[in-house]
Amino acid sequence: MLLLTLGIIVFVGVHLVPGFPALRERLAGRLGEGRYMALFSGVALAGLVLIIIGKSAADFVPLWQPPGWGRVAALLITPLAFVLLATAYLPTNIKRFTAHPMLWGVSAWAVAHLLANGDLASLVLFGGLGSFALIDMWLANRRGAEISATRQPLVKDLTALVAGLVAYGIFLTLHPYLFGVAVIA
């Protein structure tokens, strides 16, 4: 559990740095933009590796019994999360409604997994990343994040929808191999 917790702290911590512009500018100024980005990427990757190793090694410590409908809800919510993640990287009309499609996607993904899992490691992983997403949205709004005013053609929204659903299908298929748990048993 220690590695998982440390991984969440490292991964979330480095991703919160841009939420504090003065700190980010000081670091980039001292290191140079290229070295700052390399350090940021390296620390984020180290956090991700710690999360993966920590989650796979964590003992199962039950905290609550997930509701019987939790797995079904997760199957319905998670595709939405993947579509929102896709819209973060593609020009879509979703950005006319939220400045944070990726963070909403992470939040939806975290909630979906908390509905289906009731153990301590899941709470640390999904609760930690879901909380980070909400905090990061708040920080971005404080920095002046704005929704887009640009109307996109419907085909761009459909492209994001298809991309998100394809990514979801891939992860659904690979979930047992990547994470040791079959989503649909």
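For the structure, check the block above.
Predicted model, so just to flag it, every value in this text is computed and none were measured.

### Quick notes on the packing of aromatic side chains
Describing an aromatic ring pair means giving the distance of the ring centres and the angle of the ring planes. As enumerated under the stated definition, the model contains 4 aromatic pairs in all. The interplanar angle of 75 degrees and the centroid separation of 5.0 Å between the aromatic rings of Trp 109 and Phe 126 together place this pair among those described as edge-to-face. In this pair, Trp 109 is assigned in helix α5 (residues 101-116) and Phe 126 in helix α6 (residues 120-142), connecting sequence segments 17 residues apart. Judged by relative accessible area, Phe 126 falls into the buried class, the value being 7%. An aromatic cluster of three or more residues is present, and its members are Phe 82, Tyr 168 and Phe 171.

### Points about the pattern of salt bridges
In total, this model carries 2 salt bridges according to the counting rule given. For the salt bridge of Glu 25 with Arg 24, the shortest nitrogen-to-oxygen distance reads 3.9 Å. One salt bridge connects Arg 24 with Glu 33, and the closest N-O pair in it is separated by 2.6 Å.

What counts as what
Residues numbered from 1 in each chain as written. Predicted model: local features only at pLDDT ≥ 70, side-chain atom pairs only at ≥ 80, totals over all residues. Heavy atoms only, no water. Phe/Tyr/Trp six-rings, centres within 6.5 Å; stacked < 30°, edge-to-face > 60°. Helix = DSSP H or I, 4+ residues; strand = E, 2+ residues; numbered from the N terminus. Buried < 20%, exposed > 50% of the residue type's maximum accessible area, 1.4 Å probe, protein only. Salt bridge = Lys/Arg side-chain N within 4 Å of Asp/Glu carboxyl O.

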